[in-house]
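Single-letter residue listing:
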Amino acid sequence: MFDAAAYLDRIGYTGPTEPTAATLAALHRAHMETVPFENLDIHLGVRNVLDADHVFDKVVVRRRGGWCFELNGLFALLLEHLGYRVARCAAGVVLSDEPPTPDFAHLTLRVDLDEPWIADVGFGDSFTEPLRLEDDRDQVRAGKAYRLERGHGRVTLLQEGSPQYAFTLAARRMPEFQHMCDALQTPPGHFTDGPICSLLTADGRVSLAGMRLITTTPAGRIERELADEAERAAVLRERFGVDLGGAPLTGLVGR
């Protein structure tokens, strides 16, 4: 059963909950500062499924993170519970240095208030507060410029001029994303190459990529190689709030 109060406690949010643009922005940032983007289940040998009760238990009760399907899917349920109108939109990732992915490889959210907004708490290092959908100018979030460009029936998100993902505005149902959710956790692929965990901080971002800990602040970027599995487990607990109970990140789903 969905428990909005427990969800708000999980993200440390104690402010107003009426459906306004200001509340949406505050919820969005609170979520990104407390719930990491991560693919750890894949490397624990556990398959990600898009069952709402399962994802709620994982993220809220067990205080884990997740990837786009889980994080944006759950955030949509919270917003709907609070009275927002939300559409789940299918996107293809179009990062400039990688081949485009199929549609449904990413889930983003359209939130309709007095004007439509794009919300996304599940794309890692991305916009910290929602973007105005109908504004085609640069929109600055945490010092980075984002822009939404329309063309050929799609909307493309650009960060600092580089394309990130392209989506249609048609409302989709969560079961439509399960096929790509399964495909992306099946080797070979970016998410099966190694464990990833990333979290927004007050002055930047902290990320785990395999055995590398990466800290980014206005002063620059620092990378450090972790010594062993024990140190990685300690970093997950202390920097990301993720406790895997001693389980090693050595298995892949289906291996």
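Residues numbered from 1 in each chain as written. Predicted model: local features only at pLDDT ≥ 70, side-chain atom pairs only at ≥ 80, totals over all residues. Heavy atoms only, no water.

Turning our eyes to something else, we now look at the pattern of salt bridges. Scanning all chains against the criterion turns up 21 salt bridges. A salt bridge links Asp103 to Arg154; its shortest N-O distance comes to 2.9 Å. Of this pair, Asp103 sits in the loop between strand S2 (85-93) and strand S3 (106-112) while Arg154 sits in strand S8 (residues 154-159); the two residues are 51 residues apart in sequence, bridging distant segments of the chain. For Arg110, the salt bridge is made with Asp112, and the minimal N-O distance between the two is 2.9 Å. One network of salt bridges, with partners in common, ties together Glu38, Asp41, Lys58, Arg64 and Glu70. (Salt bridge = Lys/Arg side-chain N within 4 Å of Asp/Glu carboxyl O. Helix = DSSP H or I, 4+ residues; strand = E, 2+ residues; numbered from the N terminus.)

Alternating positions in strand S4 (residues 116-119) separate into two faces, Pro116 and Ile118 on one and Trp117 and Ala119 on the other, with burial throughout. Sheet topology note: the S3/S4 ladder contains four bridges and is antiparallel. Bridged to Val111 within S4 is Trp117. If you look at the hairpin formed by S3 and S4, you'll find three residues sitting between the two strands. With two bridges joining them, S4 and strand S5 (residues 131-132) adopt antiparallel strand pairing. What sits directly across from Trp117, in S5, is Arg132. (Buried < 20%, exposed > 50% of the residue type's maximum accessible area, 1.4 Å probe, protein only. Pairing = 2+ DSSP bridges.)

Bringing helix H7 (residues 229-240) into the picture now. Under the 1.5 Å per step criterion, the end-to-end length of H7 is 16 Å for 12 residues, consistent within 8% with the ideal 16 Å. Within H7 the residues assigned to the buried category are Arg232, Ala234, Val235, Leu236 and Phe240. On its buried side, H7 packs onto strand S10 (196-201), strand S11 (204-209), strand S12 (212-217) and strand S13 (220-225). Where H7 begins, the capping side chain belongs to Asp228, and its oxygen is found 3.2 Å from the backbone nitrogen of Ala230. Count one or two residues on from H7 and you reach Gly241, which has phi positive near 70°. (Expected span 1.5 Å × (residues − 1). Contact = heavy atoms within 4.5 Å. Polar contact = N/O pair within 3.5 Å; in protein donor to acceptor, adjacent residues only side chain to side chain.)

Any functional reading would require information that these geometric values do not contain.
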